[in-house]
Amino acid sequence: MLASGVVGLLAQRGGPQFRDVIPAGSRVQYKTYQSALMNRELRYGLYLPSSYETSGTRKYPVLYFLHGLNENEMRWSTRGETDLLLDKLIAAKGIGEFIVAIPMSSTTSFYTNTRSGNAPWEDAVVKEFIPMIESTYRVNATRATRGISGISMGGYGALKIAMKHPEMFGSVSAHSAALVPDFNSTTVTGRRLDQFKSLFDSIFGIGFAGGGQLDLTYWNANNPLELAKDTAKFQGMKIYVDCGTEDEYGFYAGQQVLDDLLTKAKYPHTAALHPGVHGWDYAKQHTQQSLLFHWNAFNGK
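Residues numbered from 1 in each chain as written. Predicted model: local features only at pLDDT ≥ 70, side-chain atom pairs only at ≥ 80, totals over all residues. Heavy atoms only, no water.

For the structure on display, the rule yields 13 salt bridges. A salt bridge links E73 to R43, with the nearest nitrogen and oxygen atoms 3.1 Å apart. Highlighted residues: E73 in the loop between β3 (62-66) and α2 (75-78) and R43 in strand β2 (residues 40-47), separated in sequence by 30 residues. The class of R43 is buried, set by a relative accessible area of 19%. Three or more residues are tied together by salt bridges with common partners; here these are E122, K160 and K164. (Salt bridge = Lys/Arg side-chain N within 4 Å of Asp/Glu carboxyl O. Helix = DSSP H or I, 4+ residues; strand = E, 2+ residues; numbered from the N terminus. Buried < 20%, exposed > 50% of the residue type's maximum accessible area, 1.4 Å probe, protein only.)

Take a look at the structure:
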């Protein structure tokens, strides 16, 4: 039941084994690294600025981008065409150069260490992937010049990881982040809600399948909507989120809760709702805003 349900949940064609057609002009490199935590090779995408090979010892800011559910490390470029957009913005002097690194995760990981301990996907990003990138490439590895972003499941992951590790990130952004404020009153209902519950049981051990009292302890410990209740821990980290007003999974409701929490705490942030549904067709219309947001953050603006 879980496998079939997950395929339908937030389905965007192309899981981790599916290899996309690379758009003409894309310079994104696709590589692998050995993950000790996952006991296997994991793939990643890497965007290096056009000046990287000729810039000597110059170090660059870095943005980590987390892909969505049922996606892979290629989608930032192949569906989002974000690298082509970034090249154009840099050429037009509208933005400066930085590195983008996109780790592949399980299609349904939510970038979270499973409660059972058998799949530490958050640790794979924080303790393995980021150190590997910053020791292999010329990264200006400071908090101020390190950002994290994502779409859908990856938007959830970016917010969650940044809020749990604010000492690492000066900026975080998310498009259509998978934020669920309340399982009892969520705008997601019926079969889709059942799919969420089945998936989240496997990660967070909530206990939906048992039909008894729910255990939300681990869910809350990894929920951006809970983590945002203590903004004092964020150390001034800059936050940008946007979502479509017609998002078919109702994630605009979760974003509104996040916006309300941050507004009540008088924590500076940007939260925008725009016309559109879920996925890359929506996100492509607003990627320029998030790229500029991170570039400004890298420069203390």
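With 93% of its residues at a pLDDT of 70 or more, the chain shows a mean pLDDT of 92. The model gives residues 1-16 a pLDDT under 50, and that stretch makes 45 contacts with residues more than four places away or in other chains. (pLDDT = per-residue confidence, 0-100. Contact = heavy atoms within 4.5 Å.)

Here the focus is the nonpolar core. Counting 68 residues, the largest nonpolar core has I133, L159 and F200 as the members making the most contacts within it. In terms of residues, this core owes the most to one element, helix α4 (residues 121-136), which gives 8 residues. The residues touching L159, leaving out its near neighbours within four places in the chain, are V172, A174, A177, L179, P224, I239, V241 and L258. The next biggest cluster of nonpolar side chains, apart from the first, holds 18 residues, and it includes Y47, I95, A283 and L291. (Core = buried A, V, L, I, M, F, W, Y, C linked by side-chain atoms within 4.5 Å.)

On to the packing of aromatic side chains, then. The tally for this structure, following the rule as stated, stands at 23 aromatic pairs. With a centroid separation of 5.0 Å and an interplanar angle of 75 degrees, the aromatic rings of F183 and F208 are classed as edge-to-face. Placement of F183 in the loop between β6 (171-175) and α6 (190-204) and of F208 in the loop between α6 and α7 (217-221) is noted, with a sequence separation of 25 residues between them. F208 gets classed as buried once you look at its relative accessible area, which sits at 15%. Pairing Y240 with F293 gives two aromatic rings, centres 5.6 Å apart and planes at 35 degrees, and the pair type is tilted. Of this pair, Y240 sits in strand β7 (residues 238-244) while F293 sits in helix α11 (residues 287-298); the two residues are 53 residues apart in sequence, bridging distant segments of the chain. Judged by its relative accessible area of 5%, Y240 falls in the buried class. For F293, a relative accessible area of 13% gives the class buried. A network of ring pairs unites the aromatic residues F110, Y156, F183, F196, F200, F204, F208, Y218, W219, Y249 and F251 as a single cluster. (Phe/Tyr/Trp six-rings, centres within 6.5 Å; stacked < 30°, edge-to-face > 60°.)

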